Each structure stands twice: as C-alpha cells, then as structure tokens.
Amino acid sequence: MRQILSTLFIIIALTTLFEFYFICGMFTGPIMMAAIFLTGSINTVYSAYYRRLNEAVLYFLCMISLCIGYLKMLPV
C-alpha cells in the first residue's frame, strides 16, 4: 500500500509541475491543487500513523510547495 500511495503522489506531483509550467493553471489549477492536497494528505496521515514522522513532514512540505505557485497566482 505504501508503494502505491508514494507512486501515485509522485505521478501527480510530476503532472502538477508540467501543468504549472506549460498551461499555467488556467482552469486545471484547482483540479491539480485538489489532487495534490488529497494525495499529500493521505500520504502524510499514513506516514504519521506508522511513526515515520520524517517522511510525513516531507510529504507535508512537498504538498505545500507544489500548491504555493497556484496560490500566488490568485487575484488579491
């Protein structure tokens, strides 16, 4: 299960990076943010539950850093 969750997070993270650089978050930005937030949260909770706190913190930081570009593009 751990391998599946990690692989899924990596695939979605790579897709998010390509989407941000090439499409720049027009209508797919919220979809990618939701996907990263969902998979990142699941991986963070799963890692914390099994006492892999370092891994949980890394998933959390990666989740935040992947979404920060979209958040900066929001109109203020």
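Residues numbered from 1 in each chain as written. Predicted model: local features only at pLDDT ≥ 70, side-chain atom pairs only at ≥ 80, totals over all residues. Heavy atoms only, no water.

1. Some thoughts on the side chain of Thr39
The cut-off we apply is this: We count a stretch as a helix when DSSP gives it H or I for four or more residues in a row; a strand needs E for two or more, and each element gets its number in order from the N terminus. What qualifies as a polar contact is a pair of N or O atoms within 3.5 Å, subject to a donor-acceptor requirement within protein and to the restriction that residues adjacent in sequence count only when both atoms come from side chains. In this description, contact between two residues means that some pair of their heavy atoms is separated by no more than 4.5 Å.
Tracing the backbone shows Thr39 in helix α2 (residues 29-49). Among the polar contacts listed, one links the side chain of Thr39 to the backbone oxygen of Ile36, at a separation of 3.5 Å. When residues no more than four places from it in sequence are discounted, the contact partners of Thr39 are Leu8, Phe9 and Ile12.

2. Observations concerning unusual backbone geometry
At Arg51, a residue that is not glycine, the phi angle is positive and equals roughly 60°. In this fold, Arg51 is placed in the loop between α2 and α3 (53-73).

3. Describing the packing of helix α1 (residues 2-22) against α3
Angle between the axes and distance between the axes: these two values describe a pair of packed helices. Threshold: Note on method: axes are straight lines fitted to C-alpha atoms, helices fitted across the in-contact stretch only, with angles between N-to-C directions ranging 0 to 180 degrees. Orientation labels follow simple angle bins: below 35 degrees gives roughly parallel, above 145 gives roughly antiparallel, 65 to 115 gives roughly perpendicular, and whatever is left gives oblique. Crossing handedness is defined as follows: a turn of the near helix away from the far one that is anticlockwise and smaller than a right angle gives a left-handed crossing, while the clockwise case is right-handed. For this classification, the nonpolar set comprises Ala, Val, Leu, Ile, Met, Phe, Trp, Tyr, Cys and Pro, the charged set comprises Asp, Glu, Lys and Arg, and every other residue, Gly included, is treated as polar.
Contact geometry for α1 and α3: axes closest at 12 Å, N-to-C directions at 20°. With respect to α3, the element α1 is oriented roughly parallel. Here α1 runs over α3; the crossing is left-handed. Residues Arg2, Ser6, Phe9, Ala13, Thr16, Leu17, Glu19 and Phe20 of α1 form the contact with α3, whose own contacting residues are Glu55, Tyr59, Cys62, Met63, Leu66, Gly69, Tyr70 and Met73. When its residues are assigned to classes, the contact of α1 with α3 shows 10 nonpolar, 3 polar and 3 charged.

4. Structural notes on the packing of aromatic side chains
Convention followed: Pairs were defined over the aromatic rings of Phe, Tyr and Trp, the Trp ring being its six-membered one, requiring ring centres within 6.5 Å. Orientation was assigned from the angle between planes: stacked under 30 degrees, edge-to-face over 60, tilted for the rest. Only protein chains enter the accessibility calculation, which uses a 1.4 Å probe. A residue is then buried if its area is under 20% of the maximum for its type, exposed if over 50%, and partly exposed in between.
Overall, the coordinates contain 6 aromatic pairs when judged by the stated rule. Here the aromatic rings of Phe20 and Tyr21 are separated by 6.0 Å at their centres, their planes lie at 70°, and the arrangement is edge-to-face. Judged by its relative accessible area of 62%, Tyr21 is exposed. Note on Phe20 and Tyr70: the rings are 5.2 Å apart at their centroids and 85° apart in plane angle, and the pair reads as edge-to-face. Here Tyr70 lies in helix α3 and Phe20 lies in helix α1, a separation of 50 residues in the sequence. Through a chain of ring-to-ring contacts, the aromatic side chains of Phe20, Tyr21 and Tyr70 assemble into a single cluster.

5. Overview of the environment of Thr28
Counting through the fold element by element, Thr28 comes out in the loop between α1 and α2. Taking the relative accessible area as the measure of exposure, Thr28 reaches 15% and is therefore buried. Ignoring anything within four residues of it in the chain, the contact list for Thr28 reads Glu19 and Ile23. At a separation of 2.4 Å, a polar atom in the side chain of Thr28 contacts the side chain of Glu19.

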